[in-house]
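# Residue-level structural notes
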Amino acid sequence: MEKKVYDHEVMSQLARLYYRLKDDLYSHINQSIPGVCFEDIFQDTILLVSSDPRARNLDDTELKTFFFFRFNMLEFRANKDEASTLKAIKFLSDKTKVTTYNEK
């Protein structure tokens, strides 16, 4: 696995924008993803953006737009992963009959 390099300047810029980003994003988050909370996606986005060379040399407005794009990407992936997991669980439950002690 490749080791990610986090850009110190981008991290500082994100730290300065932290509460603005959080407030702007929290209002639209899809709360229907079981097992994944807003904080998980938000923190993953910080790590993803801070390790992306395209985030370097962006002003605050551009970085905010880039951050929102990446956040939406991770949120979409979390939704797809959850749907895939639920589909697999349904498939397994349809194919597997659970036998209880009372049925023996």
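Keep in mind it's a predicted model, so treat the numbers as computed, not measured.

### So, unusual backbone geometry
- For Asn57, which is not glycine, the phi torsion reads 70° and is therefore positive.
- Looking at the element boundaries, Asn57 is found in the loop between α2 (38-50) and α3 (60-95).

### Overview of the packing of helix α1 (residues 8-26) against α2
- Two elements in contact, α1 and α2, have axes whose closest approach is 11 Å; the angle formed by their N-to-C orientations is 150°. Accordingly, the angle class assigned to the pair α1 and α2 is roughly antiparallel. Once α1 is placed against α2, the crossing between them reads as right-handed. Here Val10, Met11, Leu14, Tyr18, Leu21, Lys22, Leu25 and Tyr26 of α1 lie close against α2, whose contacting residues are Phe38, Glu39, Phe42, Gln43, Ile46, Val49 and Ser50.

### Brief notes about α2
- Over its 13 residues, α2 runs 18 Å from end to end, which matches the ideal 18 Å to within 8%, given 1.5 Å per residue.
- Those residues of α2 that fall on the buried side of the exposure criterion are Phe38, Ile41, Phe42, Thr45, Ile46, Val49 and Ser50. Around the axis of α2, the buried residues are gathered within 155° of arc, so they sit on the same side.

What counts, and where the lines are drawn
Residues numbered from 1 in each chain as written. Predicted model: local features only at pLDDT ≥ 70, side-chain atom pairs only at ≥ 80, totals over all residues. Heavy atoms only, no water. Helix = DSSP H or I, 4+ residues; strand = E, 2+ residues; numbered from the N terminus. Axes fitted to C-alpha atoms, helices over the stretch in contact; angles between N-to-C directions. Parallel < 35°, antiparallel > 145°, perpendicular 65-115°, else oblique. Left-handed = near helix turned anticlockwise from the far one by under 90°. Contact = heavy atoms within 4.5 Å. Expected span 1.5 Å × (residues − 1). Buried < 20%, exposed > 50% of the residue type's maximum accessible area, 1.4 Å probe, protein only. Arc of directions from axis to C-beta.

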